[in-house]
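# Fold and geometry: a report
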Amino acid sequence: MVSPPTLESEETAATATAVSLEAFLAGIGPRAFRFAEAGLRQREDALDAVQDAMVKLLAYRDRPAAEWTPLFWSILRSRIIDVQRRRGFRLRFWAPANDADDNPVDWADGGAGPAQRHEQQQTYARLVQALRTLPARQREAFTLRVLEELDVATTAKAMGCSEGSVKTHLSRARDALKQQLEEFR
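Here we summarise the structure given alongside this text. (Residues numbered from 1 in each chain as written. Predicted model: local features only at pLDDT ≥ 70, side-chain atom pairs only at ≥ 80, totals over all residues. Heavy atoms only, no water.)

This part covers the overall build of the protein chain. Regarding its fold elements, the protein chain presents seven helices and zero strands. Reading the protein chain from its N terminus to its C terminus gives the helix and strand order α-α-α-α-α-α-α. A buried classification covers 32% of the 185 residues belonging to the protein chain. Of the contacts formed within the protein chain by residues at least 6 apart in sequence, a portion of 61% connects residues at least 24 apart. (Helix = DSSP H or I, 4+ residues; strand = E, 2+ residues; numbered from the N terminus. Buried < 20%, exposed > 50% of the residue type's maximum accessible area, 1.4 Å probe, protein only. Contact = heavy atoms within 4.5 Å.)

In structure tokens, the structure reads:
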């Protein structure tokens, strides 16, 4: 005979879920910021988008932990698209002209020496610049599959498309990046 759940067991389960969700969000935060910054090209907008996505994920804390990753990336992707759409409706001459050069990327890597950090910064800046030239779907597929190392099925869920589309976008992105970054080999 199965005994009904007690209040203590429910509180313990809720605490365990909160702790694991907190660890999940702490682990995915920096990568999500880089993803959002590549899509939005403004640090403040990227921080807001990641924070909004994290808050929205809290509503799904009762779902299994295996569903959090594709769900989070899907939420973040939607938030990035919303911000991009809002920008499109603004009058361009009223908005300040902010470029990526005005807001330098925060390079927080305490383990590397100055020369290695400089090389990493240049490499990352070239990659980001090359990623910015890609169409949005190709950039998303490349970032989620290669940089975030998500599998094809999870990437397809996050992007809201088929696995075949993910593979096509990824292939096209790799070809375009290979052409752009060939000179830096």
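What follows covers the side chain of His169. Secondary-structure assignment places His169 in helix α7 (residues 163-181). With residues near it in sequence (within four places) discarded, His169 still touches Arg137, Gln138, Ala141 and Met159.

When the charged atoms of two side chains lie near each other, side chains of opposite charge can form a pair. This model, assessed by the stated rule, comprises six salt bridges. Across the salt bridge formed by Arg31 and Glu148, the nearest N and O atoms sit 2.8 Å from each other. Of this pair, Arg31 sits in helix α1 (residues 7-40) while Glu148 sits in the loop between α5 (136-147) and α6 (152-159), placing them 117 residues apart in sequence. Note that Asp52 is salt-bridged to Arg79, the shortest N-O span being 2.7 Å. Here Asp52 is found in helix α2 (residues 43-58), whereas its partner Arg79 is found in helix α3 (residues 68-89), with 27 residues between them in sequence. (Salt bridge = Lys/Arg side-chain N within 4 Å of Asp/Glu carboxyl O.)

The next subject is α5. End to end, α5 covers 15 Å across twelve residues, agreeing with the expected 16 Å (1.5 Å per residue, within 8%). Those residues of α5 that sit buried are Gln138, Arg139, Glu140, Ala141, Phe142, Thr143 and Leu144. (Expected span 1.5 Å × (residues − 1).)

By secondary structure assignment, the location of Arg174 is in helix α7. C-alpha of Arg174 to C-alpha of Gln138: the two residues are 36 residues apart in sequence and 8.7 Å apart in space. Look past the residues within four positions of Arg174 in its chain and what remains in contact with it is Phe142 and Val146.

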